[in-house]
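Breakdown of the fold
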Amino acid sequence: PEEVDFDAVLQLMTSPHTAELHDRHAYALKKICRQCAHGFLLSQLEPLTALLQLVVERFYAGATVFGPALCEVASVASKPMVSRKTSDMLQYGECQPAYISAIVAAMGAALPPQDEPPDDPEARKERDALAARNEKIRIAIAHMLASWARFGLVEETFETFPDQPLIQAIADNGTPNLRVLQQSTAMEELAAAFRVEDSVDVMVVMLGAIRDMSLYRPLSRQITNCGLLSNLVHVMRLHVHGSDVLLVTAEVLWNVLELDWQGAASALGALDILENFRYFLEVVLHKGYRFKDKIFRNDLLVLVLYMSKWEGNRPGFASSGLLQILLRYGVSASQRDQMSQLMQTGVEEHMAGKGIAITNSQEDMEFRVLIWHVASQCCGDPDCAAVIAECQFVGSLLSCLDIADSASELRQWSGEQRKKMQLEALSALFHLVQHCPDEILSNSGVGVLLRLAQATTDTTLRKKVLTVLHVTVGMGEKFVKEMVESGAISIALDLFKDSEASMVCRQLCASILGSLCSGVPAHQDEFRKRGGIEALRSQVVYAPDQTTENHLFFTLAVIDAVWHTVIGNKKSESRFLDVDGLFALMDVLEVAPELLRSQMLSALADLCENRKAARMFLQWNSPKTMKGGVKVLLEFWDAEQARHGCTNQDGVLASPTHPLNPPKPPEPQDPLETRTMRFSSKTMGATARSGVSSKKPEETPPSEDDVDVRAKIYAVLAKVGFDGHEALTISDRQHLELMKLYPDCKQLEVWVNVRDSLEKQGIKPLGQDSKWMEDMIVEQQTRTEWIAALQEQLAVERQAEDLASLNRFYDDIRTRAAKETGMMERAHKGGTAGKRPGHSEIDTLKLHGVDGRQSGFTGVLSR
């Protein structure tokens, strides 16, 4: 573009002599647009912005002659900016938001006339001409915003991370143009103009701009904050009978709900908006025969699904009648006829019929699935749960899963469609079981699920059924009783025994069996009579290298099943011990990871309540290391003690007041970090004085390594016995002495923590309470000091044994060295035959360590 003398143009518009010559000003602006027909220069953005601000100000003041010039400005601004140097964008790019804001400000002065048309023909003609001119301005500016928003939304021109979808990259980072629009006032001006827009042509262009701008998350938030969502819903109601505006508006709402779900869902949760959505569905379900109408219907359901995820919106789904409309088409045809009486409420006369039939087409199947998802989201609200019960929705879902059901509607579905719908029905039932349990019982849902789990051979479907059954068994005694009466123990046990079934399904079966038999002796007896104990015993093994599936969680489920089905029942424990179940548990315990080890120690502690199990525990020896059970537990204890830092290098207690969990010493801090902390503390104090609250750092949740298994180890050895164990090292004996008084040590730490907590809070207990607390601490601390003294004696004994062993080692070396030295001397005497050795022979003997002034030990070491 040619170089423009903006100073001259500004002088023309601001000079007292030419300030009123608006025709010349408009002509000058048009001339600038002709000179920059291919785009404005980046280097001229600052004076151009000042000129446009002045033009828009005059246009607001009533200088209508600037209207055509503003259209040309918007037309040129729709094209990319032109740079003469590669550094222009870095140098002048920050002026772009003000430049965009100056142009879109003209929309406020070009709004449609809001007054009534006059009766005078001349005045009416003038009013129509003004409306047509303003409409052109709004179209031009909206087209400019659409061009800016759309520029760069091409995959070839957008940088994305590997495996990152383009739409996600745009939502997170945006394009340079979208970021400029977000920094300008474009969205505010566009929203203000859209609220009063009465032209469909302008509305279509505006919606195109809003659609592209809604792809960027910050702009989506601006759409929500500007209150534009309610206006979009109003536009949908005006064009609900079929228009391209409808689909574009639905797309905008979809983008905003996806990128700004919390704000948009809350804004769309008003009762009047939900009633509008109900009206949309009523119209499209009674008059939407076209393919485009079905697409719009499904888009509406996606929007409703997003809105239902906001918990505050769910009561409105029931009160507005929206959920009733959905459930009418979400149930089977026979149940839909029974709901006709219910659905008359709140439905207009011309929509009170049955509506368009739902077929097995792809769009209609997707429509059903979306309805089921919405119902499963809303079932947590009591009002929505009541509507679901009235509409018999749970029974309709179960009819899709019943293998004995021969409904004509289900026979029309293909095998693939039926499987997909069964999976979706199970996903919905997963939520409905937790919030509408009575509906499951009244519709014999437990029997339907068990028959499907037994009959199906599809792994995905079986896993889904077992997941729902796993949730069902935890809903109370009524469900446990219903499941057992329906043969759940037999069915779950058969699936658990099936070696061809996936490990996930067998894991779920083990969890279900454990929940069914927990605390019910009759169920445990039935489990034992059906061969369940032998089946569990065969799976008490940990071999993760033999399968690609997660063997850890499967073994956890098996141990949990043993705990609930066997332990606590005398006959079941006897059967389990007879098939070497305890030996199998110990084999797994030795190689188990931390998570599994904690679970197994808990089960083992309860099992050792049985005297026979305690005796068998002492009889067990590891097939890999030949260690006994006590030795394995002491190794676990030693690892826990080392992790908590309870003992010193000699194996003696580090803190008599905290024998199990000694306080950690403060870590040394470098001077730089200390100065930083002092500065931050001053800043926090100033913040607190100014009234601004500072958030506390969040506490990290405990990890698997924080699980302390020492109490469980003590529980096992307390039943087995602490005395009479052979082949224990002194270190083991040190740990065993502390383990005997584990409860006392735990009480001591509790008392000390209580005392320290009271002192920290400035609470002074009563004299008698304080004396009683100190007496308890002294009493327990006496025991820990006795343990420390005993461990010290054992440490001295170990040092003596180590010294004696070392002396024996050196004595053996000296004896061997003396024997070798004597043999060398005898060999030397026999070789020389009484002759005096020469210097070379003496040097050779010295090299081998044979010297009268040296011991034989030196010779051995030299060799």
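Reading the values: rules and limits
Residues numbered from 1 in each chain as written. Predicted model: local features only at pLDDT ≥ 70, side-chain atom pairs only at ≥ 80, totals over all residues. Heavy atoms only, no water. Helix = DSSP H or I, 4+ residues; strand = E, 2+ residues; numbered from the N terminus. Buried < 20%, exposed > 50% of the residue type's maximum accessible area, 1.4 Å probe, protein only. Contact = heavy atoms within 4.5 Å. Areas by Shrake-Rupley, 256 points an atom, 1.4 Å probe, with all protein chains shown as cover. Patch = residues over 30% accessible without salt bridge, like charges linked within 9 Å, V, L, I, M, F, W, Y side chains within 5 Å. Salt bridge = Lys/Arg side-chain N within 4 Å of Asp/Glu carboxyl O. Lys, Arg positive; Asp, Glu negative; His and termini not counted. Charge placed at Lys NZ, Arg CZ, Asp CG, Glu CD. Core = buried A, V, L, I, M, F, W, Y, C linked by side-chain atoms within 4.5 Å. Axes fitted to C-alpha atoms, helices over the stretch in contact; angles between N-to-C directions. Parallel < 35°, antiparallel > 145°, perpendicular 65-115°, else oblique. Nonpolar A, V, L, I, M, F, W, Y, C, P; charged D, E, K, R; others polar. pLDDT = per-residue confidence, 0-100. Polar contact = N/O pair within 3.5 Å; in protein donor to acceptor, adjacent residues only side chain to side chain. Arc of directions from axis to C-beta. Phe/Tyr/Trp six-rings, centres within 6.5 Å; stacked < 30°, edge-to-face > 60°. Lys NZ or Arg CZ within 6 Å of the ring centre and 35° of its normal.

Along the protein chain, the regular secondary structure elements total 46 helices and 0 strands. Within the protein chain, the proportion of its 863 residues that are buried is 46%. Taking the intrachain contacts of the protein chain between residues at least 6 apart in sequence as the baseline, contacts between residues at least 24 apart amount to 75%. Carbon and sulfur atoms form 52% of the exposed surface of the protein chain, whose accessible area is close to 44,200 Å².

Okay, a negative patch on the surface next. A cluster of like negative charges, contributed by Asp119, Asp120, Glu122 and Glu126, occupies part of the molecular surface. Here Glu122 falls in the exposed class, since its relative accessible area comes to 58%.

What follows covers the nonpolar core. Generally speaking, soluble globular proteins have nonpolar side chains that are buried together. Ranked by internal contacts, the top residues of the largest apolar core, which has 245 residues, are Tyr99, Ile100, Leu181, Phe277, Phe317, Leu429 and Leu432. Leave out the neighbours within four places in its chain, and Leu429 touches Val394, Leu397, Leu398, Leu401, Ile440, Leu449 and Val468. One finds Leu748, Trp751, Val752 and Ile777 within the second-largest nonpolar core, a separate group that totals 6 residues.

Positive phi is not limited to glycine here, since Gln392 has a value of about 55 degrees. For Gln392, the position within the fold is in the loop between helix 22 (382-390) and helix 23 (393-401).

In this section: the packing of helix 39 (residues 629-644) against helix 42 (residues 730-740). One can describe the packing of helix 39 onto helix 42 by two numbers: an axis separation of 10 Å at closest approach and a directional angle of 80 degrees. Relative to helix 42, the element helix 39 lies roughly perpendicular. Across the interface between the two elements, Lys631, Leu634, Trp637, Asp638 and Gln641 from helix 39 touch Asp732, His735, Leu736, Leu738 and Met739 from helix 42. In terms of residue class, the contact of helix 39 with helix 42 is built from 5 nonpolar, 2 polar and 3 charged.

Here we come to the confidence of the model for the protein chain. Confidence in the prediction of the protein chain, expressed as mean pLDDT, is 83, and 86% of residues score 70 or more. In this model, residues 341-353 is a region of pLDDT below 50 whose contacts with residues beyond four sequence positions or in other chains number 21 contacts.

So, about the pattern of salt bridges. Considering all chains together, one arrives at 29 salt bridges under this definition. Among the salt bridges present, the one from Asp732 reaches Lys631, with a minimum N-O distance of 2.5 Å. One end of the pair, Asp732, is in helix 42; the other, Lys631, is in helix 39, with 101 residues separating them in the sequence. For Asp732, a relative accessible area of 7% gives the class buried.

Across the interface, helix 42 lies against helix 43 (residues 742-761) with an axial gap of 5 Å and an inter-helix angle of 65 degrees. Where helix 42 approaches helix 43, its residues Leu738, Met739 and Lys740 are matched on the opposing element by Tyr742, Pro743 and Cys745.

Within the element layout of this structure, His286 appears in helix 16 (residues 271-287). Among the polar contacts listed, one links the side chain of His286 to the backbone oxygen of Glu282, at a separation of 2.8 Å.

Of the residues making up helix 10 (residues 186-195), those classed as buried are Ala186, Met187, Leu190, Ala191, Ala193 and Phe194. Viewed end-on, helix 10 has its buried residues packed into an arc of 165 degrees, placing them on one side of the element. Buried-residue contacts for helix 10 involve helix 6 (96-104), helix 7 (121-150), helix 9 (176-183), helix 11 (200-213), helix 12 (217-225) and helix 13 (228-238).

Further remarks concern the packing of aromatic side chains. Each aromatic ring pair is specified by the distance between its two centres and by the angle formed by the two planes. Overall, the coordinates contain 12 aromatic pairs when judged by the stated rule. Residues Phe277 and Phe280 carry aromatic rings whose centres are separated by 5.7 Å and whose planes lie at 65 degrees to one another, so their mutual orientation is edge-to-face. Of this pair, Phe277 and Phe280 both sit in helix 16, 3 residues apart, roughly one helical turn. This pair shows no difference in class: Phe277 is buried, exactly as Phe280 is. Aromatic rings pair up to connect Trp637, Tyr714, Phe722 and Tyr742 into one cluster. Positioned above the aromatic ring of Tyr279, the side-chain terminus of Arg237 is 4.0 Å from the ring centre.

This part is about the environment of Ser101. Positionally, Ser101 belongs in helix 6. Separated by 84 residues in the primary sequence, Ser101 and Thr185 have C-alpha atoms spaced 5.3 Å apart. With sequence-adjacent residues up to four places away left out, Ser101 is seen in contact with Ser184 and Thr185.

What follows covers the environment of Ala488. Residue placement: Ala488 occurs in helix 30 (residues 488-497). What makes Ala488 buried here is its relative accessible area of 2%. In the structure, Ala488 is positioned 42 residues away from Val446 in sequence and 9.0 Å away in space, judged by C-alpha atoms. Among residues more than four places away in sequence, those in contact with Ala488 are Leu450, Met483 and Leu516.

Glancing now at helix 8 (residues 166-173). Considered for burial, the residues of helix 8 that qualify are Ala169, Ile170 and Ala171. Contact partners of the buried residues in helix 8: helix 9, helix 12 and helix 14 (244-259). Just beyond helix 8, the residue with positive phi is Gly174, at close to 70 degrees.

Note that Glu94 resides in the loop between helix 5 (88-92) and helix 6. Given a relative accessible area of 67%, Glu94 falls into the exposed group. For the pair Glu94 and Leu45, spaced 49 residues apart in the sequence, the C-alpha separation amounts to 9.6 Å.

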